[in-house]
Amino acid sequence: MAEAHQAVGFEFTVIPEGADAQLSHQALTEIYLSAVNSWKKCIIRIKNSVIRGVYPASPFSWLFVVIAILATMYTRSDPSMGLIAKIQENLPVSQSLSTQCKVLLSAVIFSTMLWLLLIFTMRLCLKQLLSYHRWMFEPHGKMSTTTKVWVALVRIFSGRKPRLYSYQASLPNLPVPAVKDTVKRYLESVRPLMDDAQYEHVTKLAAEFESSLGNRLQWYLKLKALWVTNYVSDWWEEYVYLRGRNPIMVNSNYYVMDFLYVTPTPIQAARAGNTIYAMLLYRCKLNKEEIKPVDTVFPPCASQCRRMFTIVHPPGGETNTIQHWKDSDFIVVYHKGRYFQLYVYQDGRLLCPREIEFQIQRILDDPSPASKGEARLGALTAGDRIPWAKARAKHFNSGINKKSLDCIEKAAFFVTLDDEEQSIVGDNLGESLDCYIKSLLHGKCYNRWFDKSFSVVFYKNGKSGLNGEHSWGDAPVLTHLWEYTLATECFQLGYNAEGHCKGEVDASLAEPQKLNWEISSECEEQISQSLEVAQALANDVDMHVVVFRDFGKAKVKKCRVNPDAFIQIALQLAYYRDQKRFSLTYESSMTRLFREGRTETVRSCTNESCAFIRALEGGETTDVCRRLFRTASEKHQRLCRMASTGAGIDRHLFCLYVVSKCLGVESPFLKELESEAWRLSSSHIPYQMIDLFDTVNHPEYLCYGGGFGPVTDDGYGVCYLMLGGDVLTLHISCKNSCPDTDARKFGARIRAALHDLMQLLSPNPKEPSKTEANRAEVKKDR
């Protein structure tokens, strides 16, 4: 094969006298360029480590301190109060140096020690400043004097140009709440979901737990918090993501959409060329730490960014693992049942978009068939984890299969060239959009590699999307990469008049190498079984997207209401109308104000929200409903702020439960938590593209968010995104097998709830009569 000849460094010729080996000069050149590239990366890492290590000072500040000390000594003053003389007396090379050299060396040593002490002090001050979170609880637009002083001090101690990881060492550790506070908040959260008898029973269990076992478990938890930077994250990753035995497809993985109304080019290979190039640019910026912190006053933890590329979540017998490689100069591409290794660097340089397009087109034009068992191999990553772990150990542990599997797992990321089209424009936008997001979530169950940190999907007509794996990091981190990629692809790289990528092609590029497999009949049987499990799960998922354009965040803010609280109460109202009851509601909140922080749960179903919904549905007056809505909205905002500042409920209880299992003790109270079902699970994706291009003049170039599968068999999953000031998208999921849930019906309920809440909050709302409400209900049901 042609690519094999280009990949070989030695050419062997068998002759009667023996084997004659001729050294390839091209191979030596490649080795030299690889070494140069490796050393460049090493120098960049060392440079970034130094800059990060001395932050919030700069390396040049050392020279300033040395010069200042020497200048002070020149005036015959002793700024060290005798320490320089002590250092001079104890220099090990004092006999071989002149007096002037000894004084100079002693002054430099003292200056360095003083410089390091100043850095340590500044970092400690910055850590204490970043532990202040009272600003989150102040009314919007009314900043206290204390907070103003705090903002000024943070900016002073943050230095001039903080880099992506500059704040990591200064971020505070996640605090451990008091058991009594967590139990109190828990009882308050479940009160609207229980009758008096149930609530009395749970209150009794909570009191027993708080007075006995809870304090013992808390002691162990506080001990852990003294030794680790975050007492939750490692256990959350281990027991929630890595110990799971069910499929990660649908149950854990999530998706992110392309532009809704724009397809930059209809050419599949061209779209892939620009997108892949933009992603690799982002990786270069990450490696150089040139990505700016999202906020320099309230900096979030950036530790998850380190694990975005070259990472995989392989299965294990009892627990899965996360494997991360430092770097990779290739990606793996799937097309029509075949896997290709595509190198994206040549001679130490990143291929230009036109060259990547050229290589992708080579794969699309490759006529070679898939080998035996290869086409549906990816189904192993979509099925249950234990069968995949066993198959991996038995059939992929050596030989050519291990080599090809290593290639997939060590790739920077995974790419799928889908042979289908996904159109999200036309007469039937709703159906085509729902079909598109289902394809992004699970595809054909074998044309994604669900273990990879993310897979990029390119459809035949140029549409694209992303499928993300959840264990290594949370959705906001990956969506930032995707938003950067879309903006760079369209507004910096662009396409020529024919729709191809810009640039020239190097004719000497080696062809992408097709991965080889030796799949036995036994392994094929396991692939078929995993595919059957995955297809049953995929077929059971019902997906629907609501693109709400009637009003958005801007109009909600004019009503002096927090947009997130507005949507959450609308979800509560829609669920109540849909199920005729209230349910435990999960809203994800980030805890990245703390080092290695991930997420916390906001229990959105509160006494206040339930009181408002009962009043609204019961026909109470507008003034009463408004007052109750304001109370519910304020309560929701307070819960979100508490969750973000380490005073949440569920992560603390989760860790107490883990400690109880480690100690082998049973708690009736903690066991009660296991039976709770999150029938309404929601998440809000923060929109971060606003600084990447002009969204006002280009409103059609907006990413319309993403979604996830339902958390329970009889519940809904809702992921929403507020775009600009007038667009809201909601991605709804549920199970077809549940007769009580319907994604489209629930979407209609949400639309109606949004309109009802806006009508209530408008300056001159129309007083709804019970007759009109009943008519509207009948119409919606129809």
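What you see is a predicted model; the values in this text were computed from it and never measured.

*Asks:* Report on the pattern of salt bridges, specifying residues and quantitative values.
*Replies:* Summed over all chains, the structure comprises 35 salt bridges. The salt bridge partner of Lys-635 is Glu-608, with a shortest N-O separation of 3.3 Å. One end of the pair, Lys-635, is in helix H21 (residues 622–644); the other, Glu-608, is in helix H20 (residues 607–617), with 27 residues separating them in the sequence. Among the ionic pairs, Asp-714 bridges to Arg-679, the shortest N-O distance being 3.0 Å. Residue Asp-714 is located in the loop between strand S18 (706–708) and strand S19 (716–723), and its partner Arg-679 is located in the loop between helix H23 (668–674) and strand S17 (680–684); the two are separated by 35 residues in the primary sequence. Residue classification places Asp-714 among the partly exposed residues on the basis of a relative accessible area of 27%.

*Asks:* Can you explain a nonpolar patch on the surface? Please cite residues and give values.
*Replies:* Side chains of Trp-219, Tyr-220, Leu-223, Leu-226 and Trp-227 sit close together on the surface and give an oily, nonpolar patch of about 660 Å² of accessible area. Here Leu-223 lies in helix H9 (residues 213–227). For Leu-223, a relative accessible area of 36% gives the class partly exposed.

*Asks:* Requested: an account of the packing of helix H8 (residues 196–211) against H9, with residues and values cited.
*Replies:* The geometry of H8 relative to H9 is characterised by a closest axis approach of 3 Å and an angle of 50° between their N-to-C directions. With respect to H9, the element H8 is oriented oblique. Taking contact as the criterion, the partners of Glu-208, Phe-209, Glu-210 and Ser-211 in H8 are, on H9, Leu-213, Gly-214, Asn-215 and Leu-217. A breakdown of the residues in the contact of H8 with H9 according to their chemical character gives three nonpolar, three polar and two charged.

*Asks:* An account of the UniProt feature "active site" (unreviewed entry) in the chain is requested, with residue identities and associated values reported.
*Replies:* With numbering matched to this structure, UniProt assigns "active site" (unreviewed entry) to His-470. With respect to the helices and strands, the residue His-470 is situated in the loop between strand S12 (464–468) and helix H16 (475–493). Those residues in contact with His-470, other than ones at most four positions away along the chain, are Tyr-241, Ser-252, Tyr-254, Ala-475 and Arg-598. At 3.3 Å, the side chain of His-470 forms a polar contact with the backbone oxygen of Gly-473.

*Asks:* So, the packing of aromatic side chains: which residues are in play, and what are the values?
*Replies:* Enumeration over the complete set of coordinates arrives at 30 aromatic pairs. An angle of 35° between the planes, with centres 5.1 Å apart, marks the rings of Phe-209 and Phe-669 as tilted. Placement of the pair is Phe-209 in helix H8 and Phe-669 in helix H23, with a sequence separation of 460 residues. A residue is classified by how much of its surface remains accessible, and Phe-209, at 3% relative accessible area, is buried. Overall, the relative accessible area of 1% leaves Phe-669 in the buried class. Members of the aromatic cluster, joined through ring pairs, are Tyr-334, Tyr-339, Trp-388, Phe-396, Phe-414, Trp-449 and Trp-517. One cation-aromatic arrangement involves Lys-224 over Trp-235; the distance from NZ or CZ to the ring centre is 3.4 Å. Across the ring face of Trp-236, the terminal group of Arg-651 is positioned such that the distance to the ring centre comes to 3.7 Å.

*Asks:* Got a sec to walk through the sheet that holds strand S10 (residues 414–417)? Specific residues and values, please.
*Replies:* A sheet is described by the order of its strands in space; here eight strands give the open sequence S13-S7-S6-S10-S11-S12-S3-S18, paired in mixed fashion. Two strands lie at the open edges of the sheet, namely strand S13 (513–514) and S18, each paired on one side alone. Here strand S6 (residues 330–335) runs beside strand S7 (residues 338–343); their pairing, made up of six bridges, is antiparallel. By the bridge assignment, Phe-330 is partnered in S7 with Tyr-343.

*Asks:* Explain the pairing of strand S14 (residues 541–548) to me, and be specific about the residues and the numbers.
*Replies:* Put simply, side chains in a regular strand alternate between the two faces of the sheet. Buried residues dominate S14, accounting for eight of its eight residues. Of the two faces of S14, the one holding Val-541, Met-543, Val-545 and Val-547 and the one holding Asp-542, His-544, Val-546 and Phe-548 are both buried throughout. Across eight bridges, the pairing between S14 and strand S20 (residues 727–735) is antiparallel. Note that in S20 the partner of Val-541 across the bridge is Lys-735.

*Asks:* Could you give an account of the sheet that holds S17, with specific residues and numbers?
*Replies:* Two modes of strand pairing occur in sheets, parallel and antiparallel, and in both the strands are linked by backbone hydrogen bonds. The six strands lie next to each other as S14-S20-S19-S17-S15-S16, forming an open sheet whose pairing is mixed. Here the strands that pair on one side only, and so sit at the sheet edges, are S14 and strand S16 (599–603). Pairs of neighbouring strands in the sheet enclose a mean axial angle of 20°, with direction left out of account. Sitting on the sheet, helix H19 (residues 563–579) touches strand S15 (585–590), S17, S19 and S20, and the angle it makes with S19 is about 145°. The strands touched by helix H22 (residues 650–663) within the sheet are S15 and S16, with S16 carrying the most contacts at an inclination of about 115°.

*Asks:* Let's hear about the packing of H9 against H22: which residues, and what values?
*Replies:* Where H9 meets H22, the axes come as close as 9 Å, and the angle between the chain directions of the two elements is 100°. Considering their axes alone, H9 and H22 lie roughly perpendicular with respect to each other. Contact residues: H9 offers Arg-216, Leu-217, Gln-218, Tyr-220 and Leu-221, while H22 offers His-652, Cys-655, Leu-656, Val-659, Ser-660 and Leu-663.

The rules behind these values
- Residues numbered from 1 in each chain as written.
- Predicted model: local features only at pLDDT ≥ 70, side-chain atom pairs only at ≥ 80, totals over all residues.
- Heavy atoms only, no water.
- Salt bridge = Lys/Arg side-chain N within 4 Å of Asp/Glu carboxyl O.
- Helix = DSSP H or I, 4+ residues; strand = E, 2+ residues; numbered from the N terminus.
- Buried < 20%, exposed > 50% of the residue type's maximum accessible area, 1.4 Å probe, protein only.
- Patch = residues over 30% accessible without salt bridge, like charges linked within 9 Å, V, L, I, M, F, W, Y side chains within 5 Å.
- Areas by Shrake-Rupley, 256 points an atom, 1.4 Å probe, with all protein chains shown as cover.
- Axes fitted to C-alpha atoms, helices over the stretch in contact; angles between N-to-C directions.
- Parallel < 35°, antiparallel > 145°, perpendicular 65-115°, else oblique.
- Contact = heavy atoms within 4.5 Å.
- Nonpolar A, V, L, I, M, F, W, Y, C, P; charged D, E, K, R; others polar.
- UniProt positions renumbered as here; feature names shortened; annotations may be inferred.
- Polar contact = N/O pair within 3.5 Å; in protein donor to acceptor, adjacent residues only side chain to side chain.
- Phe/Tyr/Trp six-rings, centres within 6.5 Å; stacked < 30°, edge-to-face > 60°.
- Lys NZ or Arg CZ within 6 Å of the ring centre and 35° of its normal.
- Pairing = 2+ DSSP bridges.

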